[in-house]
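Each chain, letter by letter, is given below.
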Amino acid sequence: MNVNLFRELPSVDELLRSAVLANSTASSPVALREAARSLLAELRSAITAGEIDATALDRRLQTLPDAILTRAERTRRYSLKSVINATGVILHTNLGRAPLSPAAIAQISAIAGSYSNLEYDTDSGQRGKRDIHAQRLFSRLFTGIAYDDQMSVSTIVVNNCAAATVLALNTLADGGEVIVSRGELVEIGGSFRIPDIMAKSGAILREVGTTNRTRIGDYQQAITPNTRLLMRVSRSNFSLTGFTEQPSLDELVELGHRHNIPVFEDHGNGALVNLQAFGVAEVHSVQDSLRAGVNVVSYSGDKLLGGPQAGLLSGRPPLITAMRANPFFRAFRVDKLTYAALAATLTAYLDEEYDDVPALRMLRLTEADIFRRAEALKREIGSATHFAATIIPGSSMIGGGTPPTATLPTHLIALRCESAQKLESRLRAADPPVVARIAEGEVVFDLRTVFPEQDAQIVGALKAISNE
Ligand SMILES: *Cc1c(COP(=O)(O)O)cnc(C)c1O
């Protein structure tokens, strides 16, 4: 170690007074100071370890202010940032599920920076309930749906569908038995497993049937005086084909009715429109479940509903009221931003302006729409980069709690290149990152999930990679 080298190191204050840093407006003084300290510490360790001589140190000191600036800017960057989703998976959990509508974003921004009547009734000047901001909209959405005794549907909002399911099970079945088919004891991802959730909720799992076949008689035979719920769980992320059988919701409701046991469905994907109209046969809507007489349905706000992360519980008013009274409801409650975004998203449904909700718009894009954009992008890629692009048929996935068979026909842009892995990873390193898929040795883009204004950014990223 050459101890004399320590004397060459400037102080943090000297560094901050250097022209590059003193005039920088790109970063904050606090971030610059922190970066200067850490870079100086690194130089000190290098000297202590004898890794650096006088010439090398001199070189490092020359570029130190620039290095400080770069590091300060890098550490100040948000780690959560927007990316371009070119995977064609509309509701991609890793990519943040549903993008919000412009109306939802505007409503968040209107509420976020000021006080609001979240729990305040401006007419009476009294304390109000935050639930009403969603309840009224859901009531309008479920107009015309009523249980046999004419009761209408009530809805409450919690943090996510996992919380909604815990709240329902704990409220309606703590200490009692819940009958579930063995074919529905699923893991949703991120360690949401039905048997574990059930145990934590205090309910006792009573599994019936087999993995592939469960009949209504299996449920009937399992009913005891301690049975509190008949539960149906959507097979969210897998499909069961071949020799299979599952009772319909109607049959479950009929059985529950006869024994005075409520039916609870963990619906998950939260479709509020009929997807059969778009060629997706596998998914039934929340309304379908409610119309079948299911007593409580839980579903996510950020899957097919296309809104903010939330868990919704819709069902018979006495059951919903019981859940609202559970202390877990307070623990799982959502903030004003969620209500703001949810209200704006539901308003699009009430106005039947489905294309205002990005997830629904992407779902409704036709093959012809996508083909036209793909053609234009292919031409631009051809003229701006050295990549050879072709258009090939493919399928987009809906994702978000729908089975993997829930796909939509699309056209993919396929890029031939030396190494698809390398290109795919360079695209992820772009700003904004472009997340694409690899299929048969080619990098493919599905424009279904790319916002049209992002097409140019994809070309820009490819151009930069092409010029490297
Ligand atoms: C997605 C899903 C969940 C979990 O929903 P989150 O909103 O992510 O908590 C639970 N159940 C089913 C059936 C689902 O599809």
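Keep in mind that this is a model prediction, so the values were computed, not measured.

### Some points on the nonpolar core
If you look at the biggest cluster of nonpolar residues, it comprises 57 residues, and the most contacted ones within it are Phe138, Phe142, Leu272 and Tyr299. Secondary-structure elements contributing two or more residues to this core are strand 2 (89-91), helix 7 (132-141), helix 10 (216-222), helix 11 (249-259), helix 12 (286-291), strand 10 (296-300), helix 15 (336-350) and helix 16 (358-364). Examining the composition of this core, we find that seven residues originate from one element, helix 15, more than from any other. Apart from the residues lying within four places of it in its own chain, the contact partners of Phe142 are Val153, Thr155, Leu272, Val286, Gln287, Leu290, Tyr299 and Ser314.

### Here we look at the packing of helix 8 (residues 161-173) against helix 13 (residues 317-325)
Between helix 8 and helix 13, the shortest axis-to-axis distance is 9 Å and the interhelical angle comes to 105 degrees. Looking at the two axes, helix 8 sits roughly perpendicular to helix 13. Contact with helix 8, carried on its side by Leu167, Ala168, Thr171 and Leu172, involves Leu319, Ala322 and Met323 of helix 13 and no other residues of that element.

### As for the packing of aromatic side chains
Within this structure, the stated rule accounts for three aromatic pairs. Ring geometry for Phe328 versus Phe332: centroids 5.2 Å apart, planes at 5 degrees, classification stacked. Over the ring of Phe243 we find Arg213; its NZ or CZ atom is 3.8 Å from the centre of that ring. A cation over a ring is seen here: Arg316 above Tyr147, with NZ or CZ 5.2 Å from the ring centre.

### Concerning the pairing of strand 10
By the criterion of burial, strand 10 is predominantly enclosed, with five of the five residues buried. Burial along strand 10 is two-sided: Val296, Ser298 and Ser300 and Val297 and Tyr299, pointing in opposite directions, are all buried. Bridge analysis of strand 9 (residues 263-268) against strand 10 gives four bridges, and the strand direction is parallel. Of the residues in strand 10, the one forming a bridge with Asp266 is Ser298.

### Overview of the sheet that holds strand 12 (residues 388-399)
Overall, mixed pairing links the five strands, which are arranged 2-12-13-16-15 in an open sheet. On the outer flanks of this sheet lie strand 2 and strand 15 (437-439), each paired with one strand and no other. With direction set aside, neighbouring strand axes in the sheet form an average angle of 40 degrees. As paired strands, strand 15 and strand 16 (residues 442-446) are joined by three bridges and run antiparallel to one another. The residue bridging Ala439 from the neighbouring strand is Glu442, located in strand 16. Across the face of the sheet, helix 17 (residues 367-384) comes into contact with strand 12 and strand 13 (407-416) while running at roughly 10 degrees to strand 13.

### Some details on unusual backbone geometry
A cis amide bond links Asp431 with the next residue in sequence, Pro432, at an omega value of 0 degrees. Positionally, Pro432 belongs in the loop between helix 18 (420-428) and strand 14 (434-435). Positioned with a positive phi, Asn260 is a non-glycine residue whose angle comes to about 60 degrees. The residue Asn260 is located in the loop between helix 11 and strand 9 in this model. The exposure class assigned to Asn260 is exposed, which follows from its relative accessible area of 72%. At Glu440, a position not held by glycine, the phi torsion is positive, near 50 degrees.

About the criteria used
- Within any chain, residue numbers begin from 1 and follow the written order of that chain's sequence.
- For this predicted model, a pLDDT threshold of at least 70 governs which residues receive local features, and a threshold of 80 or more governs which side-chain atom pairs are given and counted, while totals over whole chains, interfaces and linings are taken from all residues.
- Computation of side-chain values: all heavy atoms of the structure, hydrogens and water removed.
- By convention a nonpolar core is built from buried Ala, Val, Leu, Ile, Met, Phe, Trp, Tyr and Cys residues, the set being connected through side-chain atoms within 4.5 Å.
- Accessible area is worked out with a 1.4 Å probe on protein chains only. A residue is then buried under 20% of its type maximum, exposed over 50%, and partly exposed in between.
- Helix and strand assignments follow DSSP, with helices taken as H or I runs no shorter than four residues and strands as E runs no shorter than two, numbered in order from the N terminus.
- Any two residues whose heavy atoms approach within 4.5 Å are treated as being in contact.
- Inter-axis angles, ranging from 0 to 180 degrees, are taken between N-to-C directions of lines fitted to C-alpha atoms, where helices are fitted over the stretch in contact.
- Oblique is the label for every angle not falling under 35 degrees (roughly parallel), over 145 degrees (roughly antiparallel), or within 65 to 115 degrees (roughly perpendicular).
- When two rings of Phe, Tyr or Trp (its six-membered ring) have centres within 6.5 Å they constitute a pair, described as stacked for plane angles under 30 degrees, edge-to-face for angles over 60, and tilted for the intermediate range.
- Definition used: whenever NZ (Lys) or CZ (Arg) falls within 6 Å of the ring centre and also within 35 degrees of the ring normal, the charge is taken to sit over that ring.
- Paired strands, in this sense, are two strands between which DSSP finds at least two bridges.

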